[in-house]
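# Coordinate inspection notes
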Amino acid sequence: MNEDMAKIFAQMMEQGQKMAAAFTPALEGVDVKAFEKLFPAMPKEMLELWFGKTFNPEGLDARTRFLVTIAALTVLGPLGEPQMRATVKNALAAGATKREVAEVIWQMSMFGGPPAMQKALEIAQAVFAETEEKAR
């Protein structure tokens, strides 16, 4: 890799790390090195691919991306429960309101059906309760 390419790659990695930090405000204690033990190439490649190339800083903000992800996970129903918990937690930390989360879930009832909406609301309410308890 020549020097110019190395600089471009370093800039992409730096941007990727900034975007990843913005998209995971509730996970500030995550140990990236722990991922490297399980998947040696995963963190670098994921950051570079997802955040360094795919997302751009001028695009959707983290709050909006989390709300969009909540919509998609709602339609999945119970299959996406662990991901829904983490995404609701991150959405709140990124500035989404409980009402916005609930509205997104309700909107998806037209696409995923009432059972998927009910499951997503139960998950969101549990996360809301956990968040309130930690705030005390």
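Residues numbered from 1 in each chain as written. Predicted model: local features only at pLDDT ≥ 70, side-chain atom pairs only at ≥ 80, totals over all residues. Heavy atoms only, no water.

## Section: the packing of helix α4 (residues 62-76) against helix α5 (residues 81-93)
- Here α4 crosses α5 at 155 degrees, and the two axes come no closer than 9 Å. One finds that α4 runs roughly antiparallel with respect to α5. Note that α4 runs across α5; the crossing there is left-handed. Within the contact between the two elements, α4 uses Phe66, Thr69, Ile70, Leu73 and Thr74 and α5 uses Gln83, Met84, Thr87, Val88, Asn90 and Ala91.
- Among the residues forming the contact of α4 with α5, the class breakdown is six nonpolar, five polar and no charged. (Axes fitted to C-alpha atoms, helices over the stretch in contact; angles between N-to-C directions. Helix = DSSP H or I, 4+ residues; strand = E, 2+ residues; numbered from the N terminus. Parallel < 35°, antiparallel > 145°, perpendicular 65-115°, else oblique. Left-handed = near helix turned anticlockwise from the far one by under 90°. Contact = heavy atoms within 4.5 Å. Nonpolar A, V, L, I, M, F, W, Y, C, P; charged D, E, K, R; others polar.)

## What about the pattern of salt bridges?
- This model, assessed by the stated rule, comprises five salt bridges.
- For glutamate 81, the salt bridge identified is with lysine 119, shortest N-O distance 3.4 Å. Taken together, the positions of glutamate 81 in helix α5 and lysine 119 in helix α8 (residues 114-135) put the pair 38 residues apart, joining distant regions of the chain.
- With relative accessibility at 25%, the residue glutamate 81 sits in the partly exposed group.
- Overall, the relative accessible area of 23% leaves lysine 119 in the partly exposed class.
- Across the pair glutamate 130 and arginine 85 runs a salt bridge, and its minimum N-O distance is 3.2 Å. Here arginine 85 lies in helix α5 and glutamate 130 lies in helix α8, a separation of 45 residues in the sequence.
- Note on glutamate 130: relative accessible area 41%, which makes it partly exposed. (Salt bridge = Lys/Arg side-chain N within 4 Å of Asp/Glu carboxyl O. Buried < 20%, exposed > 50% of the residue type's maximum accessible area, 1.4 Å probe, protein only.)

## Here's the deal with the confidence of the model for the chain
- Taken over all residues, the pLDDT of the chain has a mean of 79, while the share at 70 or more is 64%.
- Here helix α3 (residues 42-54) stands out as the least confident element of the chain, with mean pLDDT 58; helix α6 (residues 98-107) is the most confident, with 97. (pLDDT = per-residue confidence, 0-100.)

## Remarks on the environment of leucine 67
- For leucine 67, the location among the structural elements is in helix α4.
- The class of leucine 67 is buried, set by a relative accessible area of 11%.
- Taking the C-alpha atoms as reference points, leucine 67 and alanine 96, 29 residues apart in sequence, are found 7.7 Å from one another.
- Discounting chain neighbours no more than four positions away, the residues touching leucine 67 are Ala96, Glu100, Val101 and Val104.

## Side note on the packing of α4 against α6
- As a packed pair, α4 and α6 sit with axes 8 Å apart at the nearest point and diverge in direction by 35 degrees. Our pair here, α4 against α6, has a crossing hand that is right-handed. Contacts between α4 and α6 involve Arg63, Leu67, Ile70, Ala71 and Thr74 from the former and Glu100, Val101, Val104 and Ile105 from the latter.
- Of the residues contributing to the contact of α4 with α6, the split by class is six nonpolar, one polar and two charged.

## Some thoughts on a nonpolar patch on the surface
- On the surface, a cluster of nonpolar side chains totalling about 330 Å² of accessible area is made up of Val75, Met110 and Phe111.
- Relative to the helices and strands, phenylalanine 111 resides in helix α7 (residues 109-112).
- A residue is classified by how much of its surface remains accessible, and phenylalanine 111, at 58% relative accessible area, is exposed. (Patch = residues over 30% accessible without salt bridge, like charges linked within 9 Å, V, L, I, M, F, W, Y side chains within 5 Å. Areas by Shrake-Rupley, 256 points an atom, 1.4 Å probe, with all protein chains shown as cover.)

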